[in-house]
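Overview (structure and organization)
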Amino acid sequence: MKKLDQTLTLEIKKEFPGARCVGGKYSPDTHSITLFKQDIAIQCERLLGSLEQMREYEWIIFAHELGHALDEELADLSVRLEETKSVDILAQIELNAWRIAEELIPFVDSHLFARVKEESLRYFSRSPLIS
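Residues numbered from 1 in each chain as written. Predicted model: local features only at pLDDT ≥ 70, side-chain atom pairs only at ≥ 80, totals over all residues. Heavy atoms only, no water.

Attention now moves to unusual backbone geometry. The phi dihedral of H31 falls on the positive side, at around 50°, and the residue is not glycine. Positionally, H31 belongs in the loop between β2 (24-27) and β3 (32-36). Phi angles above zero are rare outside glycine, and K85 is one such case at about 60°. On the secondary structure map, K85 appears in the loop between α3 (74-84) and α4 (87-104). Exposure remark for K85: the relative accessible area of 36% places this residue in the partly exposed category. (Helix = DSSP H or I, 4+ residues; strand = E, 2+ residues; numbered from the N terminus. Buried < 20%, exposed > 50% of the residue type's maximum accessible area, 1.4 Å probe, protein only.)

Before going further, it helps to spend a moment on the packing of aromatic side chains. Scanning all chains against the criterion turns up four aromatic pairs. Consider the rings of F16 and F36, whose centres lie 5.3 Å apart with planes at 85°: the pair is edge-to-face. With F16 in the loop between β1 (9-13) and β2 and F36 in strand β3, this pair connects stretches of sequence that are 20 residues apart. Taken together, a centroid distance of 6.2 Å and an interplanar angle of 70° make the contact between W59 and F62 edge-to-face. (Phe/Tyr/Trp six-rings, centres within 6.5 Å; stacked < 30°, edge-to-face > 60°.)

Since its relative accessible area comes to 17%, H31 is described here as buried. Among the polar contacts listed, one links the side chain of H31 to the side chain of Y26, at a separation of 2.7 Å. For H31, the contacting residues outside a window of four places in its chain are D5, T7, L8, T9, Y26 and A69. (Polar contact = N/O pair within 3.5 Å; in protein donor to acceptor, adjacent residues only side chain to side chain. Contact = heavy atoms within 4.5 Å.)

What holds strands together in a sheet is hydrogen bonding between their backbones, with the strands either parallel or antiparallel. The sheet built from three strands is open, its strands ordered β1-β3-β2 with mixed pairing. Of all strands in the sheet, those bounded by a partner on one side alone are β1 and β2. The sheet shows a mean angle of 20° between the axes of neighbouring strands, direction not considered. Set on the sheet, helix α1 (residues 37-48) makes contact with β1 and β3; between it and β3 the angle comes to about 60°. (Pairing = 2+ DSSP bridges. Axes fitted to C-alpha atoms, helices over the stretch in contact; angles between N-to-C directions.)

For the rest of this paragraph, the subject is the pairing of β3. Counting buried residues along β3, five of its five residues qualify, which places the element largely inside the surrounding structure. The pairing of β1 with β3 spans five bridges and is parallel. The residue of β3 that forms the bridge with E11 is T34. Alignment of β2 against β3, held across four bridges, turns out to be antiparallel. Residue pairing for β3: G24 is matched across the bridge by L35. The turn linking β2 back onto β3 is made up of four residues, and H31 within it adopts a positive phi angle of 50°.

In structure tokens form, the structure reads like this:
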């Protein structure tokens, strides 16, 4: 991470403070990534049925959040999203992060990566846009 961006920070917390199950979050205001260990484990078990691939799942979540942090289009897309509340712009933000993430972790099983990505995009596309 530090090789890609010296100013980016990573924090690992036990769980997301809200009611949602959030594995990770990138905060542009602080240029930081926070991972939520308990939520990642819950997500992993729900999607994969066990914690056997937990380490790889953690890498995927981290890489996705790192994808947001490294996305050069994120600031402009975020402004457009705020103005329009467009699901298409939200989709572009997520797709950009997944595209970047895939390049960052070639050592993770590509089928597992695709499964997590697909589930993430399926969930987001069925959820209401929260402002």
